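What follows is each chain in one-letter form.
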Amino acid sequence: MSDSNAVCPRDGGNLDDGHFHDTPVRHCKTCDGVLVKQNQLVALLLAMSTDIADHIDEDSEVTPMPDPGDRLDCPECKTKMDSYGYMGSSAVTIDCCQQCLWLWIDPGELGTMCVIYQRANKRLAVKQTAAKQMTRNLEKLDLGMAVQNALWTRFQLIDLL
Ligand SMILES: [Zn+2]
Ligand SMILES: [Zn+2]
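> So, the sheet that holds strand β5 (residues 93-96): which residues are in play, and what are the values?
Each strand in a sheet pairs with another by means of backbone hydrogen bonds, the pair being arranged parallel or else antiparallel. Taking strand neighbours across the sheet as the criterion, the 6 strands line up as β1-β2-β3-β6-β5-β4 in an open arrangement whose pairing is antiparallel. One side of each edge strand has no neighbouring strand; the edge strands of this open sheet are β1 (15-20) and β4 (82-85). On average, adjacent strands in this sheet sit at an angle of 30° to one another, irrespective of strand direction. As paired strands, β5 and strand β6 (residues 102-105) are joined by 2 bridges and run antiparallel to one another. Looking at β6, one finds that aspartate 95 is bridged to tryptophan 104.

> Account for the packing of helix α1 (residues 41-49) against helix α2 (residues 109-152), with residues named and values stated.
Relative orientation of the contacting elements α1 and α2 amounts to 90°, with a least axis distance of 9 Å. Classified by the angle between their axes, α1 and α2 sit roughly perpendicular to one another. The segment α1 lies against α2, with Leu45, Met48 and Ser49 engaging Leu110, Met113, Cys114, Tyr117 and Gln118. For the contact of α1 with α2, a count of residues per class yields 6 nonpolar, 2 polar and no charged.

> With reference to specific residues and values, describe the pairing of β6.
Of the two faces of β6, the one lined by Trp102 and Trp104 and the one lined by Leu103 and Ile105 are each fully buried. With 4 bridges joining them, strand β3 (residues 34-37) and β6 adopt antiparallel strand pairing. Residue pairing for β6: leucine 35 is matched across the bridge by tryptophan 104.

> Go over the pairing of β5, please, and point to the residues and values.
Pairing of β4 with β5 involves 4 bridges; the strand directions are antiparallel. Following the sheet pairing, serine 83 is matched in β5 by aspartate 95.

Quick notes on the rules
Residues numbered from 1 in each chain as written. Chains lettered and ligands numbered in written order. Predicted model: local features only at pLDDT ≥ 70, side-chain atom pairs only at ≥ 80, totals over all residues. Pairing = 2+ DSSP bridges. Helix = DSSP H or I, 4+ residues; strand = E, 2+ residues; numbered from the N terminus. Axes fitted to C-alpha atoms, helices over the stretch in contact; angles between N-to-C directions. Parallel < 35°, antiparallel > 145°, perpendicular 65-115°, else oblique. Contact = placed C-beta atoms within 7 Å. Nonpolar A, V, L, I, M, F, W, Y, C, P; charged D, E, K, R; others polar. Buried ≥ 20, exposed ≤ 12 C-beta atoms within 10 Å, placed from the backbone.

Purely geometric stuff here, so don't read any function into it on its own.
Here's what the structure looks like:
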């Protein structure tokens, strides 16, 4: 990781090894793009977005980031990187080398990815709360039936003599 002769896939500038929110990254001073390992991404987004988590709801809007569109060469192994929408969203396109598991994140995209990530968490939480509520209602219903059934056992037919 220390032999950073890796260059920025956008502008050819040198990538500096460093840490961003305790996550090891390679950073381009020229364009502010960043290279991060695939398995470190969530930790980075989480660390970056704790402050905004409370201000995001499940309907928060995301401003789409324009993507230059061309496929990039991996700064390490020089093969073409795949590009795909982050979390299935078309708002942010990130580039990934399947061999080195590097992700290239263009300047400004990290912020948008934080919003998408936290919004997904919020949506999940909303769903889980709804599911819990449904279970609770079912329990109440079952309890009601149980009480009613218990009462029926006390029902006595009036003997008509
Ligand atoms: Zn750059
Ligand atoms: Zn590579």
